[in-house]
Amino acid sequence: MFESEFERNLYALRQEKLKQLEALGQSAYPNTFAPPGDHPLITIPGIRAEYDSKTGERLEAERIPVAVAGRIMAIRQQGKAGFATLQQEGQRLQIYVRKDAVGDAGFELYKLLDLGDHIGVTGYLFRTRTNELTIHVETITFLAKALLALPEKYHGLSDVELRYRQRYVDLFMNGVLNEADSSEPEGSRTALPSHICQDQADVGHPAQEIRVRDVFVKRAAVLRAMRKFFDARGYIEVETPMMQPIAGGAMARPFVTHHNALDIDLFLRIAPELYLKRLVVGGFDRVYEINRNFRNEGISTQHNPEFTMLEFYQAYANYHDLMDLTEELVQFVAMEVNGTLTTHFNGVEIDLGKWERLTMREAIVKWWPEEFGPPPSMVAFEKSELLLHFLDEAFQHLQRNYPQISTPTREVQGVNVERHRELRSLLMLINGQRILLRGDSTPVIKAVMESLGLPTPADPLPALPQSLGQTIAGIFEAVAERRLIQPTIIYEFPLAVSPLSKQKPDEPEWVERFEFYIGGFELGNAFSELNDPEEQRRRFEAQLAERERGDEEAHQMDSDYVRALGYGLPPTGGEGIGIDRLTMILTGARSIRDVILFPLLKPQKTVISDQ
RNA sequence: GGACGCGUAGCUCAAUUGGCAGAGCAUUCGACUCUUAAUCGACAGGUUGAAGGUUCGAUUCCUUCCGCGUCCA
């Protein structure tokens, strides 16, 4: 618990102060704050809302008696008087304590207070010479002690690691997450984590300033708005298993746990999808669930092992209906949470009122990098040989005209570094494809990639795209994903990467599926649900084959789900939306850790013992 | 998993070429009845993330490890 001797001593000292407080007739840990009836208890936000607009003259004339409680965030001693700042619910109010107003005992108590202590006061409202709304204190009631020291009052807690590990401190210190102007000299309370603001200086649209606390207030508003949206449309909210015997509904590695009494392994769910569709089979035509999913994967600014997902299903709807619904939902939530459709993310202004819709193939063509020559024609997406041939030509075009791009150096002459990174991810994919075309083995693949100056993935080599569909999806991710800053719906996905979606009637290699992107990453995934049990069984079997080829993320067989489809799933559209990521977009937070109260961190090893 | 960066007092940060580890806030003591990053005076606070190496001498250079961050996979 203690970081140092210093802290241990401080703790002991403040425990001693608690004893002195008790000697003054105060309770060290009182059960409640019960001010006398003629001083109504009011919250600090309540006071601010009601009296911020009242002038000093009016306050003096009315001499309004109040009682408030709060945490002491600042103390300014003035001899036989003093000011302090109380904080409650993220808002602050100044109090003024004079020895002649609170009496000798009251002033003794006041002098025993430390930053961080909780107190209750009674008194009346007035305005100081600088016109600040202040309580002229008459009585002080001690409520609880801070035995540990608060962080530095001006900069607050800015160490990113400490902010996450000790979120309770982060929250009451009210640090600003992203400032309106990073060069602002005065008035700012808290230094920012550098990764959040580092490149806002050179862009035209600085983020709105938002406090850590407010991010989570907004997160709650997001959830409230979503429930309001779906409840109003006749959906019912359900809860389906978090522990599942088969981790289905998505392509991801699950966490495993064990049930002792039944002696079976269970998986923390990676998605609720298959259970929700069972409910649609059962006659709940419109269902939604907001809950945690767990994926045993890496951690990044966009990934936390547990994250919150909204999933909803609507019978007699298809993916086109869901596109409309998605735009409505995001706009509704934005208005409820922010009162506006514009938001600032990563230094860019995003208009949530304007959506673009592109097929995946159109997106690849639109964002195809010119360094690789002309974009593929639509025909190239039809056959593996055609696409591989095209990629081969693109590679040669690049080699002829931009030989420097395949070099691994950071400083590439004449090529923007950001651009360089993008080109290389496509290059890597293309090389994987070309090598695959020649039937090379893993060591050969690694050697070739190394010789091309491309980063070699560690063992085991991640599964290379094995099918046309996987290649197309890979190309899309490499060329388009990070450029989709303004709201964009990407629709029509390859069958090979969509084991649960319904095929397009006219193009059976493509499915009725879309994802939507804002800020350069995926926020949601939706499709017309596959409801043919025989086709579903074949898809699962194809996935099993992928799994045997080493793709640990391939979908598992779920024969009970196939059986459920056997009873008849009506035509249904379903969608999942990442709540954390949507909250990031709506608050401007650039890391998913800034919208999750307690993000997963490695446990600390060096801890000084409590004794 | 890889590359790069960071880790110094409770907090926020300094420390020139490798040469006595410092400041502000907070804490402790003192002064001050309209301050607001209050002010003024004094005291105290350190195994420089850990271990090892090079050196007369390491916060600084090297190696390994731990934690965090960013980018990549």
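For clarity, every value in this text was computed on a predicted model and none was experimentally measured. For every chain, the first residue of its written sequence is number 1, and the numbers climb from 1 along that sequence. Working convention: letters from A go to chains and numbers from 1 go to ligands, in the order in which they are written. Owing to the predicted nature of the model, reporting of local features is limited to residues with pLDDT of at least 70; listing and counting of side-chain atom pairs is limited to 80 or more, with chain, interface and lining totals taken over all residues. Here the side-chain values reflect all heavy atoms present in the structure, with hydrogen atoms and water set aside.

Please explain the sheet that holds strand E19 (residues 521-528) as it appears in this structure.
Backbone hydrogen bonds hold the strands of a sheet together, and the pairing may be parallel or antiparallel. As summarised here, the arrangement of the eight strands in space is E8-E12-E13-E20-E19-E18-E17-E16, forming an open sheet in which the pairing is mixed. Each edge of the open sheet is held by one strand with a lone partner, namely strand E8 (236-237) and strand E16 (356-359). Should DSSP find at least two bridges between two strands, the strands are taken to pair. Runs of E in the DSSP output that reach at least two residues are strands. Runs of H or I that reach at least four are helices, and both are numbered from the N terminus. As judged from the two bridges shared by E8 and strand E12 (residues 286-294), these two strands associate in the parallel manner. The residue bridging glutamate 237 from the neighbouring strand is tyrosine 288, located in E12.

Would you mind going over the protein's contact with RNA strand B with me for this structure?
Think of it this way: one heavy atom of a residue within 4 Å of a molecule or strand is enough to make that residue near it. Close to RNA strand B lie 49 residues; Gln78, Thr130, Glu132, Lys153 and Glu161 are nearest. Among atoms of RNA strand B positioned within 4 Å of the protein, sugar and phosphate together represent 64%. Between lysine 602 and RNA strand B, the recorded distance is 2.7 Å, taken from a backbone N or O atom to a phosphate oxygen. The set of elements that each furnish at least two residues to the surface near RNA strand B consists of helix H1 (5-23), strand E1 (65-77), strand E2 (81-88), strand E3 (91-98), helix H5 (160-165) and helix H13 (417-437). Residue type decides the class: Asp, Glu, Lys and Arg count as charged, Ala, Val, Leu, Ile, Met, Phe, Trp, Tyr, Cys and Pro as nonpolar, and the leftover types, Gly among them, as polar. A class-by-class count of the residues in the surface near RNA strand B yields 18 nonpolar, 13 polar and 18 charged. Polar contact is the term for a pair of N or O atoms within 3.5 Å; when the atoms are in protein, one must be able to donate a hydrogen and the other to accept it, and sequence-neighboring residues count only if both atoms are side-chain atoms.

Can you help me understand the packing of aromatic side chains in this one?
Pairing of aromatic rings covers Phe, Tyr and Trp, the last through its six-membered ring, and needs centres within 6.5 Å; plane angles under 30 degrees mean stacked, over 60 mean edge-to-face, and all others mean tilted. Enumeration over the complete set of coordinates arrives at 15 aromatic pairs. Taking 6.0 Å as the distance between ring centres and 45 degrees as the angle between the ring planes, the aromatic pair formed by tyrosine 96 and phenylalanine 126 counts as tilted. Residue tyrosine 96 is found in strand E3, and its partner phenylalanine 126 is found in strand E4 (residues 118-127); the two are separated by 30 residues along the sequence. As far as burial versus exposure is concerned, tyrosine 96 and phenylalanine 126 are alike and both buried. Here phenylalanine 107 and tyrosine 110 contribute two aromatic rings whose centre-to-centre distance is 5.5 Å and whose plane-to-plane angle is 35 degrees, an arrangement assigned as tilted. Residue phenylalanine 107 and its partner tyrosine 110 are located together in helix H4 (residues 99-111), separated by three residues, close to a single helical turn. Here phenylalanine 107 and tyrosine 110 have matching classes, each one buried. Ring-pair connections join several aromatic residues into one group, and the members of that group are Phe229, Phe230, Tyr235, Tyr288, Phe312 and Phe332. Only Lys NZ and Arg CZ are tested; either one counts as a charge over a ring when it is within 6 Å of the ring centre and within 35 degrees of the ring normal. Directly above the ring of phenylalanine 172 sits arginine 71, whose terminal nitrogen or CZ lies 3.9 Å from the centroid. Between buried and exposed lies partly exposed: a residue is buried under 20% and exposed over 50% of the maximum accessible area for its type, with that area taken using a 1.4 Å probe on protein chains only.

Is there a simple way to explain the pairing of strand E11 (residues 264-268) in this structure?
Relative to E11, strand E9 (residues 243-244) runs antiparallel, the two sharing two bridges. Looking at E11, one finds that methionine 243 is bridged to leucine 268. One ladder, built from four bridges, connects strand E10 (residues 256-259) with E11; its direction is antiparallel. Opposite histidine 258, over in E11, you have aspartate 265 as the bridge partner. Two successive antiparallel strands, E10 and E11, enclose a turn made up of four residues, where aspartate 263 displays a positive phi of approximately 50 degrees.

I would appreciate a short explanation of the sheet that holds E11 in the present structure.
One open sheet holds the three strands; their spatial order is E9-E11-E10, and the pairing between them is antiparallel. Looking at strand neighbours, the two that pair on one side only are E9 and E10, the edges of this open sheet.

Mind showing me how you'd approach helix H16 (residues 533-548) here?
What sets the pattern is the α-helix's 3.6 residues per turn: residues three or four places apart point alike. The terminal C-alpha atoms of H16, which comprises 16 residues, lie 23 Å apart, in line with the 22 Å expected from a rise of 1.5 Å per residue. Those residues of H16 not exposed but buried are Glu535, Gln536, Arg539, Phe540, Gln543 and Glu546. Down the axis of H16, the smallest arc covering the buried residues is 140 degrees, so these residues share one side. Here, two residues are considered to be in contact whenever any of their heavy atoms come within 4.5 Å of each other. Check the buried side of H16 and you find it contacts helix H15 (468-479) and helix H17 (559-566). Following H16 by one or two positions, glycine 550 has its phi on the positive side, about 110 degrees. Expected span of a helix: the number of residues minus one, times 1.5 Å. Taking the helix axis as origin, the arc is that swept by the directions to the C-beta atoms.

Can you walk me through the nonpolar core in this structure?
In a soluble, globular protein the nonpolar side chains are often hidden away together inside. If you look at the biggest cluster of nonpolar residues, it comprises 47 residues, and the most contacted ones within it are Met226 and Leu310. Of all the secondary structure elements, the ones that give two or more residues to this core are helix H8 (212-231), E12, strand E13 (306-315), helix H10 (319-338), strand E17 (488-494), strand E18 (510-518), E19 and helix H18 (579-587). The contact partners of methionine 226, leaving out residues within four places of it in the chain, are Ile290, Leu310, Leu329, Val333, Ile577, Ile579 and Leu582. Residues grouped as a nonpolar core are buried Ala, Val, Leu, Ile, Met, Phe, Trp, Tyr and Cys residues, joined through side-chain atoms within 4.5 Å. The next biggest cluster of nonpolar side chains, apart from the first, holds 35 residues, and it includes Leu387, Phe395, Ile475 and Trp510.

Please explain the packing of helix H11 (residues 360-367) against H15 as it appears in this structure.
Helix-helix packing is described using two parameters, namely the angle between the two axes and the distance between the axes. The axes used here are C-alpha line fits, helices contributing only the stretch in contact, and every angle between their N-to-C directions lies in the interval 0 to 180 degrees. As a packed pair, H11 and H15 sit with axes 9 Å apart at the nearest point and diverge in direction by 45 degrees. Classed by the angle they form, the pair H11 and H15 counts as oblique. Regarding H11 and H15, the two cross each other, and that crossing is left-handed. Residue-level inspection shows Met360, Ala363, Ile364 and Trp367 of H11 in contact with H15, the latter providing Ile472, Ala473, Ile475, Phe476 and Val479. Here the contact of H11 with H15 is composed, by residue class, of nine nonpolar, no polar and no charged. Roughly parallel covers angles under 35 degrees, roughly antiparallel covers those over 145, roughly perpendicular covers 65 to 115, and oblique covers all other angles. Handedness of a crossing is defined here by the sense of rotation of the near helix relative to the far one, left-handed for an anticlockwise turn of less than a right angle and right-handed for a clockwise turn.

Explain the pattern of salt bridges here, please?
Any two side chains of opposite charge can pair if their charged atoms end up close together. Only one rule defines a salt bridge in this text: a Lys or Arg side-chain nitrogen within 4 Å of an Asp or Glu carboxyl oxygen. Counted by the stated rule, this structure contains 38 salt bridges. Among the salt bridges present, the one from glutamate 89 reaches arginine 213, with a minimum N-O distance of 3.1 Å. Of this pair, glutamate 89 sits in the loop between E2 and E3 while arginine 213 is found in helix H8, placing the two residues 124 residues apart along the sequence. When the shortest N-O distance is used, the salt bridge between lysine 145 and aspartate 117 registers 2.5 Å. Here lysine 145 is found in the loop between strand E5 (133-144) and H5, whereas its partner aspartate 117 is found in the loop between H4 and E4, with 28 residues between them in sequence. Just as lysine 145 is buried, aspartate 117 falls in that class too. The network of salt bridges with shared partners includes Arg14, Lys17, Asp114, Asp117 and Lys145.

In this structure, what is going on with the packing of H16 against H17? I would like to understand it.
Put simply, H16 and H17 touch, their axes get as near as 8 Å, and they point 165 degrees apart. As summarised for this structure, H16 and H17 are arranged roughly antiparallel, according to the angle between their axes. Our pair here, H16 against H17, has a crossing hand that is right-handed. Between H16, through Pro533, Gln536, Arg537 and Phe540, and H17, the contact on the second element is made entirely by Tyr561, Val562, Leu565 and Gly566. Residue classes in the contact of H16 with H17 are distributed as five nonpolar, two polar and one charged.

How do you make sense of unusual backbone geometry when you look at a structure like this?
Peptide bonds are, in most cases, trans, and in most cases residues other than glycine have a negative phi. One non-glycine residue, tyrosine 316, adopts positive backbone phi at about 65 degrees. Note on placement: tyrosine 316 falls in the loop between E13 and H10. A residue is classified by how much of its surface remains accessible, and tyrosine 316, at 58% relative accessible area, is exposed.

Just checking my understanding: could you explain a nonpolar patch on the surface for this structure?
Patches draw on residues past 30% relative accessible area with no salt bridge. Two like charges within 9 Å are joined, as are two nonpolar side chains (Val, Leu, Ile, Met, Phe, Trp, Tyr) within 5 Å. Here, Shrake-Rupley sampling with a 1.4 Å probe gives the accessible areas, and only protein chains in the shown set may cover a residue. A grouping of Tyr168, Leu597 and Phe598 is seen on the molecular surface, where their side chains present a nonpolar patch of about 340 Å² in accessible area. Tracing the sequence through the fold places phenylalanine 598 in the segment after H18.

When you look at the environment of valine 212 in this model, what are you seeing that I'm missing?
With respect to the element layout, valine 212 can be found in helix H8. Using a relative accessible area of 3% as the deciding quantity, one classes valine 212 as buried. Linking valine 212 and threonine 587, residues 375 residues apart in sequence, is a C-alpha distance of 10.0 Å. If we ignore the near neighbours within four places in the chain, the residues touching valine 212 are Arg163, Arg167, Asp170, Leu171, Gly175 and Leu177.

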